[in-house]
Amino acid sequence: MKILGISAFYHDSAAAIIEDGVIVAAAQEERFTRKKHDPGFPVNAVKYCLEEAGATLNDIEAVVFYDKPLLKFERLLETYYGFAPVGVSSFVISIPVWIKEKMFLKKLIRDELEKVEDYDRNTLKLLFPEHHLSHSASAYYPSPFEDAAILTIDGVGEWATASICHGKGKDITVLKELQFPHSVGLLYSAFTYFLGFRVNSGEYKLMGLAPYGNADSAAVKGYIEKIKSTLIDLKEDGSVWLNQKYFTYATGLRMVPDSRWEKLFGFPRRESEAPLEQHHCDLGVAIQIVTEEIVIKMAREAKKLTGSDNLCMAGGVALNCVANGKIQKENIFKNYFIQPAAGDAGGALGCALAAYYIHYGQERKVDHSKLDAMKGSYLGPESSDKEIEVAARKYNAKFTKFESFDELAKVVAGYLSEGNVIGWHQGRMEFGPRALGNRSIIGDARNEEMQKKLNLKIKYRESFRPFAPSVLAEDCGEYFEYTGISPYMLLVHPVKESRRNPYPEGFKEFGLKEKLYHKRSDIPSITHIDYSARIQTVHRESNEKYWKLISAFKQKTGYGLIVNTSFNVRGEPIVCTPEDSYKCLMRTEMDFLVVGNYVFNKTEQPAWKEGAEWKLEYVLD
Amino acid sequence: MEFLKDFWLFLKERKKFWLVPMILILVLIGVLLVFGTSGAAAPFIYTLF
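Residues numbered from 1 in each chain as written. Chains lettered and ligands numbered in written order. Predicted model: local features only at pLDDT ≥ 70, side-chain atom pairs only at ≥ 80, totals over all residues. Heavy atoms only, no water.

Some details on the interface of chain A and chain B
Taken residue by residue, the interface counts 44 residues in chain A and 31 residues in chain B. Of the roughly 3,300 Å² buried between chain A and chain B, counting both surfaces, carbon and sulfur atoms make up 74%. In terms of surface lost to chain B, no three residues of chain A exceed Leu70, Leu77 and Lys100 of chain A, which account for 16% of the buried area on that side. Inspection of the region where chain A meets chain B yields 6 salt bridges. Residues Lys106 of chain A and Glu2 of chain B are paired through a salt bridge, measuring 3.7 Å at the closest nitrogen-oxygen approach. Joining chain A to chain B, the criterion identifies 5 residue pairs in polar contact (both at pLDDT 80 or more). Mapped by element, the contributors of at least two residues to the side of chain A that touches chain B are α3 (69-83), α4 (88-100) and α5 (105-114) of chain A. Here the residues of the side of chain A that touches chain B sort into 28 nonpolar, 8 polar and 8 charged. (Contact = heavy atoms within 4.5 Å. Buried area = accessible area lost by both parts, 1.4 Å probe. Salt bridge = Lys/Arg side-chain N within 4 Å of Asp/Glu carboxyl O. Polar contact = N/O pair within 3.5 Å; in protein donor to acceptor, adjacent residues only side chain to side chain. Helix = DSSP H or I, 4+ residues; strand = E, 2+ residues; numbered from the N terminus. Nonpolar A, V, L, I, M, F, W, Y, C, P; charged D, E, K, R; others polar.)

Concerning the pairing of strand β17 (residues 439-443) of chain A
All names here are of chain A. A large share of β17 lies buried, amounting to 5 of its 5 residues. Of the two faces of β17, the one lined by Arg439, Ile441 and Gly443 and the one lined by Ser440 and Ile442 are each fully buried. Sheet analysis places strand β15 (residues 422-425) next to β17, joined by 4 bridges and oriented antiparallel. Pairing of Trp424 across the sheet is with Ser440, part of β17. By the bridge criterion, 4 bridges tie β17 to strand β21 (residues 561-566) in an arrangement that is antiparallel. By the bridge assignment for β21, Ile441 is matched with Thr565. (Buried < 20%, exposed > 50% of the residue type's maximum accessible area, 1.4 Å probe, protein only. Pairing = 2+ DSSP bridges.)

Comments concerning unusual backbone geometry
Residue and element names in this part refer to chain A. The step from Ala84 to Pro85 runs through a cis peptide bond, and the omega angle for that step is 5 degrees. Locating Pro85 in the fold gives a position in the loop between α3 and α4. The linkage connecting Phe180 with the following residue, Pro181, adopts the cis geometry, with an omega of 5 degrees. Along the chain, the position of Pro181 falls in the loop between β8 (171-179) and α7 (184-194). The backbone phi angle of Tyr460 is positive, close to 50 degrees, even though this residue is not glycine. Tracing the backbone through its elements, the reader meets Tyr460 in the loop between α16 (450-458) and β18 (468-472). The backbone of Tyr531 shows a phi angle near 65 degrees, a positive value even though the residue is not glycine. Secondary-structure assignment places Tyr531 in the loop between α18 (512-517) and β20 (532-538). For Tyr531, a relative accessible area of 7% puts it in the buried group.

Functional significance is not addressed by these values, which are geometric in nature.
Quick look at the structure:
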C-alpha cells in the first residue's frame with residue numbers, strides 16, 4: 001500500500017511517500033524550486049517521491065493532506081467574530097484567499113496533481129488528518145518505541161497549538177491540547193519579530209543569539225518577570241494563556257503592537273539588520289528561558305498523563321534544540337526521539353503515516369536493529385555520476401575523480417586539517433531543515449577563524465551565528481558532557497569542562513563582537529558563547545561515508561569531529577543538485593567542492609562570470 | 001457540490017450551525033472582495049491563513 005503525504009500552502013511545502021508503512025522518500029519543495037520555505041503545491045517533490053517509489057498517481061492508495069482546511073476556516077471565522085471589529089485589514093486580505101482557493105482544497109489538490117502527471121481524478125482518494133495529529137504521527141511512528149508520550153508544539157494548526165498524545169502500538173490517543181490564540185510557538189515568534197528577525201524563519205537565530213545575553217543579570221530577570229506577569233500566565237501543566245492586549249497576530253498583519261512592547265520592555269522594535277545590542281541579547285535569553293520552562297512543564301505533564309519512559313517530539317518548537325537539551329537534563333523520560341523534520345514539512349510524512357496506521361488500521365512493527373525508521377533522514381534525491389559530469393560540462397569545470405572513496409576521504413581530511421572549507425555533497429539529500437553530512441559545508445572545528453570565515457565569507461550571514469559539530473557517535477563523550485545519541489542535530493549539550501577556556505575577566509560586560517573573539521575551547525568554532533554545542537552524532541550504520549570522512553580526519557588530527565553547516569548561503573535553500581553545489585562553490589570563498597567521488601578545487605576552476613547580483617535572488621531570512 | 005456536501009457534514013459533526021449566518025455574510029463580503037481585487041496575496045503571518 002503506497003500513500004502520498006503532502007504539506008502545502010502555508011510554509012515549507014513538502015511531499016513524502018510510504019509503502020506498507022516504510023518511509024521511501026520525502027523532500028521539501030524549496031530544494032527544487034530554490035525558493036526558501038516555498039509554500040506552493042509541491043509538484044516537484046511529489047514527482048520525485050513517485051519516481052523514487054517507482055509509482056504513478058494511479059498506484060497511490062490515498063493522497064493525504066497534513067491538516068483539516070474546514071476546521072482551520074472555522075477558527076478563522078470564530079477568531080474574526082471574537083475580535084470584531086478589530087481585524088478588518090486582515091480579513092480583507094485573508095478571505096479572498098480562502099474563497100478563491102483554500103475552501104476548495106480538494107479541487108485545488110486534484111488540479112495541482114495534474115501538473116505532476118495524468119491520473120484518474122475519480123478514483124483518487126483524499127484524506128485530511130488534523131495538523132497536530134500529523135505532527136504526532138511524524139514523531140511517534142518512525143520512533144523506535146512501542147509506547148511513548150508524544151509532545152507537539154508549534155505556532156498553530158487548526159485550533160491546537162500544542163498537544164500531548166499517547167502512542168501505543170499502532171494507535172495515537174490525544175490526551176490534551178492547548179488552543180489558539182494561546183501558543184508557545186507564536187509567543188516565541190512574537191519575540192523573533194520584536195528582535196528584528198523574520199517570523200517563521202528567524203526563530204533559530206533568536207535561539208543562537210540568546211546565549212549572548214547575561215542570563216543571571218538583573219535586566220534579564222526583569223524581562224522574565226515582565227513576560228510572566230504581563231504577557232503570559234503559565235500554569236503548572238505547561239499550558240499558557242497569552243494576554244491578547246500584547247499580541248496582534250490573531251487579527252492583524254503584525255505579531256505584536258510595537259508601541260505597547262516598547263513601553264513594556266523599554267526599547268523599540270529592532271529593525272531588520274540593525275546592530276544587535278546587549279538589551280536585544282538579554283531579551284532573547286529571557287524568552288528562551290521562559291520557553292524552556294514551558295516545554296519542561298509540558299514534558300512533565302506528558303509523563304504524568306502517559307506514565308511512559310519514552311518521549312517523542314515534533315512541531316516547530318521541537319527544533320529549539322536548546323530547550324530539547326534542557327528537557328533531557330531534567331531526566332523526565334529515559335528515551336527521546338525528535339522528528340528531524342519537526343516543522344510543517346514533516347507534516348507531509350506524518351499525515352501519510354497517520355493514514356496508514358490509523359485510517360487503514362495497519363499493524364506497526366518496530367525494527368529494533370535500527371536507531372529509528374527515518375533512515376538517517378536521508379530521504380531525498382541522490383546525484384548520479386552522469387548528473388555530476390553534466391553539471392561539470394555545463395560550466396567547463398575542472399575536477400578530479402577518485403576511484404576509491406576511502407582514498408577520497410583521506411585526501412579531503414587532509415584539506416580540512418589545513419583549514420580549507422569544503423562543500424560536501426554525497427548520497428541522498430536530507431529531509432528537514434538540518435544538513436546532516438550529505439549536503440553540508442564542513443571545516444576544522446579546532447580552527448579559531450573557522451566561525452568567522454564560514455559566517456562572513458561563505459554563508460554571508462551574521463557573525464554571531466554558531467556552528468554545530470558532527471562527531472563520531474562513539475567519541476561524543478570525549479568532547480561533550482553527553483554520551484547519548486543525537487543523529488539529527490536536535491540537542492544542545494555543554495562542551496566538556498576540561499576542554500573549555502575560562503572566560504576572561506569582565507567578560508559579561510564585553511560587547512557582542514568582543515565576546516565572539518574569546519577562544520572558548522580547543523574546538524572553538526563549534527563551542528558557542530555559553531560553552532554549549534548543537535551536537536550531531538554520526539553513526540556508521542546510517543551514514544557510512546560521512547563516518548569514514550570524520551574517521552579519516554581523526555586519524556590525521558586526533559579529533560573525531562568537524563564543523564558541519566548547511567550547504568547554502570544566507571536566504572538560499574540547501575543545495576539539491578550538483579549544479580546548485582557548483583554554483584555555491586563559485587559564488588563564495590569555499591575552497592573545495594566534493595560531489596560523490598568528484599573533487600572540484602576552487603583555484604582550478606574557470607573564472608566565474610556572474611557578479612554579486614545572484615545575492616538578489618535570495619530574500620534574506 | 002462536493003464542497004457543499006463536505007461543509008454540511010463538517011457543520012453537523014462540529015455542531016456549529018450558529019456559524020451559518022455568519023459564514024453567509026462573510027462569504028458574501030468575501031466574494032465582493034474577490035471581485036474587487038486583482039489577486040489573492042497571502043500576508044506574511046501564516047497563522048490565520
